[in-house]
Amino acid sequence: MNVRINEAWKELLQPEFDKPYFEELVRFVRSEYASHTVYPAGGNIFRALDKCSPDDVKVVIIGQDPYHGEGQANGLCFSVNDGVQFPPSLRNIFKEINADLGTPIPTSGNLDRWAEQGVLLLNATLTVRAHSAASHAGHGWEQFTDAVVATLSELKSGVVYMLWGNYAQKKGAIVDGSRNLVLRAAHPSPLSAHNGFFGCRHFSQANNYLLSMGKAPIKW
């Protein structure tokens, strides 16, 4: 399992890596990769951090669990590899962007293009056993990703946080809304998208805020 992590994040999060819970988490994850099919590939576990260094973060989107279907998860929340059919939540995200900004729905669900512009696409749990949703929840990942959000909130202001659904909203509760733009809406899942995700206009709000802070908007 070839794990790598951005050096700037590694330095900031070193206190977490040294804690007993993280040592237990590493043992659990190594055991899972050795004995089961686990997603994403080992080299992509920290890909959300690798693709978006702390200094570059403009927007944070919080997901819950990596996709657990074959070939889907690539280490960025809501993102899938090129050529993979859009999962329902991602399809709804693209629909909202289209309605909000008029941006055409893309042909690829790979969100590298967002990460490279400063969008941190962070799942709460960074690994999952194949075809078993939330199978790696409760083993320490949530504590680690809480530390990522807390570190970022302490380090930076002027960041847009998009918190979709109750789970993300609880995880983002630590963020200071007076120093950042905190946007809340229903989750884009087909089960809840019509209860406030569609029409939330988070993407235009994010860009207007970034422009007001003298930053380049995101090309969604």
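Analysis parameters
- Throughout this document, residue positions are counted from 1 along each chain, in the order its sequence is written.
- Thresholds applied to this predicted model are a pLDDT of at least 70 for local features of residues and 80 or more for the giving and counting of side-chain atom pairs; totals over whole chains, interfaces and linings are not thresholded and use all residues.
- In computing side-chain values, all of the structure's heavy atoms are included and hydrogens and water are not.
- Runs of E in the DSSP output that reach at least two residues are strands. Runs of H or I that reach at least four are helices, and both are numbered from the N terminus.
- For this measure, only C-alpha atoms enter the radius of gyration; the expected value for a globule follows 2.2 Å times N^0.38, where N is the number of residues.
- In this scheme, a residue with accessible area under 20% of its type's maximum is buried, one over 50% is exposed, and one in between is partly exposed, where area comes from a 1.4 Å probe on protein chains only.
- Note on contacts: a residue pair qualifies if any of its non-hydrogen atoms lie within 4.5 Å across the two residues.
- Areas reported as accessible are Shrake-Rupley estimates using a 1.4 Å probe. Residue values count occlusion only from the protein chains shown.
- Here the positive residues are Lys and Arg and the negative ones are Asp and Glu; neither His nor the chain ends is included.
- By convention, charge coordinates are those of NZ in Lys, CZ in Arg, CG in Asp, or CD in Glu.
- Salt bridges are defined by distance alone: a side-chain nitrogen of Lys or Arg within 4 Å of a carboxyl oxygen of Asp or Glu.
- A cavity, in this analysis, means grid points on a 1 Å lattice covering only the protein atoms where a 1.4 Å probe fits yet has no way out; a pocket is instead an open set bounded by protein on both sides within 12 Å along at least five of seven lines, and a residue lines either one if it has an atom within 4 Å of a point.
- Grid points are joined across faces, edges and corners, and a volume is the space filled by probe spheres set on the points.
- Three residue categories are used. Nonpolar comprises Ala, Val, Leu, Ile, Met, Phe, Trp, Tyr, Cys and Pro, charged comprises Asp, Glu, Lys and Arg, and polar comprises the others, including Gly.

Engineer: I tried to follow the overall build of the chain on my own but got confused; where do I start?
Structural biologist: Scanning the chain for helices and strands turns up eight helices and six strands. The secondary structure elements of the chain, listed N-terminal to C-terminal, are α-α-β-α-β-α-α-β-β-α-β-α-β-α. A compact globule built from 220 residues should have a C-alpha radius of gyration of about 17 Å, and the chain, at 17 Å, falls within 12% of that. In terms of overall dimensions, the chain has a C-alpha envelope of 45 × 35 × 25 Å along the principal axes. The 220 residues of the chain split such that 55% are buried. Here the analysis covers contacts within the chain between residues at least 6 apart in sequence; of these, 67% occur between residues at least 24 apart. In the form shown here, the chain has an accessible surface area of approximately 9900 Å², with 50% of it arising from carbon and sulfur atoms. Treating the 20 positive side-chain charges of the chain as one cloud and the 21 negative ones as another, the clouds have centres 5 Å apart.

Engineer: What should I look at first to understand the pattern of salt bridges in this one?
Structural biologist: Side chains that carry opposite charge are capable of pairing whenever their charged atoms lie near each other. One pass over the full model with this rule turns up eight salt bridges. Residue Lys19 is joined to Glu16 by a salt bridge in which the shortest nitrogen-to-oxygen separation is 2.9 Å. A salt bridge links Glu32 to Arg129, with the nearest nitrogen and oxygen atoms 2.9 Å apart. Of this pair, Glu32 sits in helix α2 (residues 20-35) while Arg129 is found in strand β4 (residues 128-129), placing the two residues 97 residues apart along the sequence. Each of the salt bridges in this network shares a partner with another, and the network as a whole consists of Arg47, Lys51, Asp112 and Glu116.

Engineer: Please clarify how the side chain of Ser53 should be interpreted in this entry.
Structural biologist: With respect to the secondary-structure elements, Ser53 resides in the loop between α3 (47-50) and β2 (59-63). On the basis of relative accessible area, Ser53 is assigned to the buried category, the value being 17%. Residue contacts for Ser53: discarding those within four places in its chain leaves Asn6 and Trp9.

Engineer: Whenever I open this one, the layout of surface pockets confuses me. Can you help?
Structural biologist: Over the atoms, a rolling probe the size of a water molecule traces out where space has been left empty. Considering only enclosed or pocket space, the largest pocket measures out at about 450 Å³ in volume. Every residue lining the largest pocket is counted, 23 residues in all, and those nearest its centre are Gln64, Asp65, Pro66, Tyr67 and His187. Here the lining of the largest pocket is built from residues that sort into 13 nonpolar, nine polar and one charged. There is about 290 Å³ of room inside the second largest pocket. Taken together, 16 residues line the second largest pocket, and the ones lying closest to its centre are Val3, Phe17, Phe22, Val26 and Phe46. Ranked by the residues each element gives to the lining of the second largest pocket, the list is headed by α2, at five residues.

Engineer: Is there a simple way to explain empty space enclosed by the protein in this structure?
Structural biologist: Taken as a whole and assessed by the stated rule, the structure comprises one cavity of 30 Å³ or more. Considering only enclosed or pocket space, the largest cavity measures out at about 40 Å³ in volume. Lining the largest cavity we find Ile62, Gly63, Gln64, Phe78, Trp164, Tyr167, Ala168 and His187. Only β2 and α7 (165-171) provide two or more residues apiece to the lining of the largest cavity.

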